[in-house]
Amino acid sequence: MSNDTKGRVARLRELQTRFNIQCRRQVTGVVSTENLYRGAPFRDYSIERDLRLYCEQNVPLFEGYGVPLGLLAARLRDFHDDPCHVTAFAAATEAERTLSLPTADWPMGALSAARDAYHRLMFYAWCDGAPGAAWHVAKIAFDMERMATDELAPAQLHATVWEALRTETPSFAWADERMRLQSHAAAMVHLAEAGRLAFDVYEARATVTEEQRKREKTVQGSVLRDLLDNPAGGVQMDILQVLPEDIEDEEPQVRGRVVFPALEPTTVTTEGRRTGSSAVARGKVGHVAGKVLAYDPPADPEVVFKALQAEYPQAEAANTAVAQDAVVSQQLGYAWLRPSLLDGAPGVGKTRYARRAVEASGLRYLLHSAAGASDGQIAGTSAAWASARLSAPAQALLQFERANACLIIDEIDKAGTSSHNGRLDEALLPFLERETSRRIVDPMLEVPLDLSCMTYLMTANDLHRVAGPLRDRLRVLHIPRPKAEHLPAIARTMVADIREENGVDERWLPDLDGDELDLLAGQWTGGSMRRLRRLVEVLVMGRAALAPRH
């Protein structure tokens, strides 16, 4: 097994260990729905206790949301009073129906609560053998797998997909919870042996040394001891054996990570010159070297969607995708967006959309123009040069002193294509892979940095001019041209921007009235947001010119 494979096996063991401990520490409430799909046990290893507690927590919540979730609350109460696969599937089906309703006027948090109810109730129904539930569970697990961001979750979720498709009506939940855990463990092993999961996932389970076994026996600490002694917990441990030295008994007080490692002391030559990477770097990053940089926390998905929908009503598909990233961010514990390419015609507001999406998601950003760039300096330059500088992602994290931030790269399709001094698109590739970005060597510091929490958004007018390797690593979000029907909403946000830019109160600069919107509609029937902005500015300035003077 290569060193790279050994390293990934060790990381997988660590991830499984932390996953086990997280589940064992769940002493209040219920385990998250995603963790159930990943193979976590029910509360107290009892589906009945788990579902009753879930219903008791959520029935009042759904009733409080009012009309949109009122019927779902009733179905949930029926399930609580008579828990069986019939009432579980009925409640899950009602949650799915609720998700198909218009959500524009829903209270904050209602959509995410309904979506979680659909996922969880369908899982309950499948575990009790409800006909038809298996397909839903497989689809939900597959969608979760596609959005998973760590190395272990895709394997766990893929096992659930396979198990749901293989066993349509398992009927094991009420008999013995350990049967479900063993079934999930067996599915992971089967998929690994069949080559359907990465081989090193299987290696992490199969290559336990005698030395590791001895260390496990000497591990102290109530959490690990409880985990080892519990039979059902042991089923999960059997998938990926524990490395005891990787276990943290306490959660860190500050949620974040070390981005810039501690720098080695500077050495001095006989001529009095400083050498080593820290000679150049200490003055720039010394204050954050070796320190944990905090995360910017995730935003509420509903807030993200509504903010974008208010300003870009024509881009509902893109708005939904960004809001889904906010859901993932809540699982990660920090704000994050999937690396994306915003595609659209000139003037539709792609750069502005990128800024708004980042701000709504709770991230800070740097804007980097790629137009005319004819080198790869975005990845940094060597300390051997007088112009040495950090990579652009590292500059962003240093400037904000955060472990997560965003780099917006504008007009990536206009970057140069000559390889003489390096290419911007090629220089970006290793930053977009989470595996390589965890330990990416900065040319100025000459040490590996952890840039795995960075977000990258790019814009392009012509998708075909974006290099294939770069495009393959990005999710493409199309920003359509706005139409006349979107005019009132867009004009409202533009007037709000003008107020903010000029420090004017809404009382002195109100939104456009009906006559002004009609006048605007006669001049703009859709298309360029830039032209619409100029027209709105003309209308606003016209107000001042026509205002009576005393």
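Right above here is the structure, for reference.
Quick notes on the rules
Residues numbered from 1 in each chain as written. Predicted model: local features only at pLDDT ≥ 70, side-chain atom pairs only at ≥ 80, totals over all residues. Heavy atoms only, no water. Core = buried A, V, L, I, M, F, W, Y, C linked by side-chain atoms within 4.5 Å. Buried < 20%, exposed > 50% of the residue type's maximum accessible area, 1.4 Å probe, protein only. Helix = DSSP H or I, 4+ residues; strand = E, 2+ residues; numbered from the N terminus. Contact = heavy atoms within 4.5 Å. Salt bridge = Lys/Arg side-chain N within 4 Å of Asp/Glu carboxyl O. Axes fitted to C-alpha atoms, helices over the stretch in contact; angles between N-to-C directions. Parallel < 35°, antiparallel > 145°, perpendicular 65-115°, else oblique. Nonpolar A, V, L, I, M, F, W, Y, C, P; charged D, E, K, R; others polar. Pairing = 2+ DSSP bridges. Left-handed = near helix turned anticlockwise from the far one by under 90°.

Caption draft 1: Representation of the nonpolar core within the structure. Counting 51 residues, the largest nonpolar core has Phe260, Ile409, Ile412, Leu424, Met458 and Leu470 as its most contacted members. Looking at which element gives the most residues to this core, the answer is helix H18 (residues 392-400), with six residues. With near-sequence residues (within four places) excluded, Phe260 lies in contact with Val285, Val288, Ala289, Gly290, Lys291, Leu293, Ala394, Leu398, Leu445 and Leu449. Phe19, Tyr54, Ala110 and Tyr124 belong to the second largest nonpolar core, which has 48 residues in total.

Caption draft 2: Looking closely at the pattern of salt bridges. If you walk through the whole model with that rule in mind, you get 18 salt bridges. Here Asp143 and Lys139 are joined by a salt bridge, their closest N and O atoms 3.3 Å apart. Of this pair, Asp143 and Lys139 both sit in helix H7 (residues 133-147), four residues apart, roughly one helical turn. On the basis of relative accessibility, which here comes to 39%, the residue Lys139 falls in the partly exposed class. For Arg257, the salt bridge goes to Asp450, with nearest N and O atoms at 3.0 Å. One end of the pair, Arg257, is in strand E1 (residues 256-258); the other, Asp450, is in the loop between strand E9 (447-449) and strand E10 (455-460), and 193 residues separate them in sequence. Residues joined by salt bridges that share partners form a network here, namely Glu311, Arg352, Arg356 and Glu359.

Caption draft 3: Broad picture of the packing of helix H22 (residues 487-502) against helix H23 (residues 514-523). Contact pair H22 / H23: the axes reach a minimum separation of 11 Å and the direction vectors enclose 110 degrees. By the angle class used here, H22 and H23 are roughly perpendicular. Across from Leu487, Pro488 and Ala491 in H22, the residues of H23 making contact are Leu517, Leu520 and Ala521. Residue composition of the contact of H22 with H23, grouped by class: six nonpolar, no polar and no charged.

Caption draft 4: Structural view of the sheet that holds strand E11 (residues 475-478). Reading across from one edge, E6-E7-E10-E5-E11 is the order of the five strands in this open sheet, with parallel pairing throughout. Whereas interior strands pair on both sides, the edge strands pair on one side only; in this sheet they are strand E6 (365-369) and E11. Ignoring strand direction, the axes of neighbouring strands in this sheet form an average angle of 20 degrees. Judged from the four bridges that link them, strand E5 (residues 340-343) and E10 form a sheet pairing that is parallel. Considered in E10, the bridge of Ser340 is made with Leu457.

Caption draft 5: The arrangement of the side chain of Asn319 in detail. Following the sequence through the fold, Asn319 ends up in helix H16 (residues 316-332). You can call Asn319 buried: its relative accessible area is 0%. Excluding its chain neighbours within four sequence positions, the residues that come into contact with Asn319 are Phe305, Leu308, Gln309, Tyr312 and Tyr353.

Caption draft 6: Representation of the pairing of strand E7 (residues 406-410). E7 sits mainly inside the fold: five of its five residues count as buried. Neither face of E7 is open: one carries Cys406, Ile408 and Asp410, the other Leu407 and Ile409, and all of them are buried. As paired strands, E7 and E10 are joined by four bridges and run parallel to one another. Looking across to E10, one finds that Ile408 is bridged to Leu457.

Caption draft 7: Representation of the packing of helix H15 (residues 301-311) against helix H17 (residues 350-360) in the model. With their axes 9 Å apart at the nearest point, H15 and H17 run at an angle of 155 degrees to one another. Classified by the angle their axes make, H15 and H17 are roughly antiparallel. For H15 against H17, the interelement crossing comes out right-handed. Residue-level inspection shows Val304, Ala307, Leu308 and Glu311 of H15 in contact with H17, the latter providing Arg352, Tyr353, Arg356, Ala357 and Ala360. Here the residues of the contact of H15 with H17 are counted per class, giving six nonpolar, no polar and three charged.

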